[in-house]
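As a plain string of letters, each chain reads:
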Amino acid sequence: MDASMSGTSSVQYHNIAEQPITTIVTTPASTFQRQVRHCFGNATPGEFPLSANPSIVLHVLTGCNLDPQDLATLEATCSFFWLPANFAPDNELSLAELAALDMCRKRAIFKPMTQEQRQDLKQRCGGSWKLVLRFLLAGEACFRREKSHAVAGPGHSIAVSSKGVAYSFGSNSSGQLGNGTTEEEWRPHPIRSLHGIRVIQAAVGAGRTMLISDTGRVYAFGKDSFGEAEYGVQGNKVVTTPQLVESLKDIFVVQAAIGNFFTAVLSREGRVYTFSWGNETKLGHQTEPADTEPRALLGALENIPVVQIAAGYCYLLALACQPSGMSVYSVGCGLGGKLGHGARTDEKVPRLIEQFQTLNLQPAVVAAGAWHAAVVGKDGRVCTWGWGRYGCLGHGNEDCESAPKVVEALNNVKAVYVATGDYTTFVVSDEGNVYSFGCGESSSLGHNTAVAEEQGIRHSNVLFPEVVTSLKQLNERVVQISLTNSIYWNAHTFALTESGKLYAFGAGDKGQLGVELSANQTERAIPERVDIDLG
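Described below are features of the structure shown in this document. (Residues numbered from 1 in each chain as written. Predicted model: local features only at pLDDT ≥ 70, side-chain atom pairs only at ≥ 80, totals over all residues. Heavy atoms only, no water.)

### Here's the deal with the state of the cysteines
Tallying each qualifying case throughout the model produces zero disulfides. Free cysteine C104: the closest other cysteine sulfur is in C125, separated by 8.4 Å. Between C321, a cysteine without a disulfide, and C125, which holds the nearest cysteine sulfur, the sulfur-to-sulfur distance is 6.2 Å. By relative accessible area, which is 3% here, C321 ends up buried. (Disulfide = S-S within 2.5 Å. Buried < 20%, exposed > 50% of the residue type's maximum accessible area, 1.4 Å probe, protein only.)

Below, the structure written as structure tokens:
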């Protein structure tokens, strides 16, 4: 890795050209019999001492993109990796710490940070560059930051390409498509006023859209309210083109989530801010419903970095990264047990969901549906909890679960992604297969094949996870699923493949599928390709 990438020319140990490792290590292989490898080469003749070339070792560690846990294991294994390496600018850092810092410098959200901001983040993460690296990698893994993705909103949709171009289509009564009009449009079109701005994340609510740029700026359009209910009275003003959210100009935002009655954003440093929901018993602060000022989320998460947020109907989930491991906090309305604390009471400040410790599960991805929630663990297990109507929890019944419960029907599946909507759940496996369960209304589960249509089998609920065969037949590896998270709108679903192809099915009465329907058709049962390339 070249020193210029880090912006610190004085770091001499970076000045090794990128080339195959075999061309760097030119010392011929020893002919001596080796029984034990010695880092310092002081026991066996002909041993290649690592300590003689720490720059090469650092280059290898950085180039291999080792996991932070692997770096910690190296430190625990040999003193060569945990003793001070005596490299400028910080002579006290070990090789493992320097490798972690180098890998942090490769991350898009870390590069523009000042030295002071980097040090603040280091202390917030626990005082180690390995912990900072884990924080950055976890954020990239749990939602598709900097990658192509699609969002199936209530009546309208947003798709973001790998180059950061945002497309909009569907309902536009409040200007939520950002194209300067309030006319409905089923054809996906790029939002032209954002030309030259690279979008990295999109959030969609009823009649409202928020887009995050790679510089941390937030653009909003549609209903002019951060806290309006889906059918609220405030927010009569509409904005038909993307407008910079002035109150967030001093916060580098990496994710936004729109819930009912409130909006939340996540900063680069892992701090959570919320708008509106003007009652201190809900989010721990008192604001007016039309408030446009972000308020830091109080309580336990004030000093714990968060890597992902997810908003449902009147509640918020936060995936936190602590030195002890990953954890999930919840706050807001507890109806149906969706906060996951074993009860159905509200929480006005974030509270740790302790059940994951009992299950010995490290959360990796979190999803908040309207009335239920789900988590994928690092080991591939899936947990669901909340209101179990229509079988959306995948446990074979419609019972409520007030604490996370492992979906046993997926025990033989290693999940990597989960998405939740209004009583529906989708799971993506490491092999790219997709499973769905819950409410089958609007054909949004993807199980309504052509044969089922002919037999009149439509809109049936699914109590256990079932493979979405209509997606499997595409012979494409699915990497992301998005489904409508609203209790007032008919649901639709997107499936994004590894090659950047987008498929849509479910309700399409407002053009939200991005495909043209026939005159009397209001939904699409079988996935159809949307005519945009997000790769």
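That shown, we press on.
### A short note on the side chain of S148
In this fold, S148 is placed in the loop between α7 (129-142) and β1 (149-152). Contacts of S148, omitting those with residues within four sequence positions, involve V160, S161, S162, L496 and L534. (Helix = DSSP H or I, 4+ residues; strand = E, 2+ residues; numbered from the N terminus. Contact = heavy atoms within 4.5 Å.)

### Things to note about the packing of aromatic side chains
Summed over the entire model, instances satisfying the criterion amount to eight aromatic pairs. Arranged with centres 5.2 Å apart and planes meeting at 75°, the rings of F80 and F81 form a pair that is edge-to-face. Like F80, the residue F81 is buried in the burial classification. When the ring of F356 is compared with that of W385, the centres are 5.8 Å apart and the planes differ by 75°; the resulting orientation is edge-to-face. Note that F356 is positioned in helix α9 (residues 355-358) and W385 in strand β19 (residues 382-386), a separation of 29 residues in sequence. Residue F356 is classed as buried on the basis of its relative accessible area, which comes to 3%. A connected cluster of aromatic rings, assembled from ring pairs, spans Y313, W371 and W387. Geometry around F252 places R268 over its ring, the cationic atom sitting 4.1 Å from the centre. (Phe/Tyr/Trp six-rings, centres within 6.5 Å; stacked < 30°, edge-to-face > 60°. Lys NZ or Arg CZ within 6 Å of the ring centre and 35° of its normal.)

### Digging into the sheet that holds strand β18 (residues 372-377)
By way of backbone hydrogen bonds, the strands of a sheet pair with one another, either parallel or antiparallel. As summarised here, the arrangement of the four strands in space is β17-β18-β19-β20, forming an open sheet in which the pairing is antiparallel. Looking at which strands have only one partner, the edges of the open sheet turn out to be β17 (363-368) and β20 (401-406). The sheet shows a mean angle of 15° between the axes of neighbouring strands, direction not considered. (Pairing = 2+ DSSP bridges. Axes fitted to C-alpha atoms, helices over the stretch in contact; angles between N-to-C directions.)

### Examining the packing of helix α3 (residues 68-77) against α7
As a packed pair, α3 and α7 sit with axes 9 Å apart at the nearest point and diverge in direction by 160°. One finds that α3 runs roughly antiparallel with respect to α7. Helix-helix and strand crossings are classified by hand; for α3 and α7 the assignment is left-handed. Note on element contacts: α7 touches α3 through K130, L133, R134 and L137, opposite P68, L71, A72 and E75. (Parallel < 35°, antiparallel > 145°, perpendicular 65-115°, else oblique. Left-handed = near helix turned anticlockwise from the far one by under 90°.)

### Notes on the packing of helix α5 (residues 95-105) against α7
Running from N to C, α5 and α7 cross one another at 30°; their axes reach a closest spacing of 8 Å. In this structure, the crossing between α5 and α7 has a hand that is left-handed. On the side of α5, the interface is formed by A96, E97, A100, L101, M103 and C104, while α7 contributes W129, K130, V132, L133 and L136. Its residues placed into classes, the contact of α5 with α7 shows nine nonpolar, no polar and two charged. (Nonpolar A, V, L, I, M, F, W, Y, C, P; charged D, E, K, R; others polar.)

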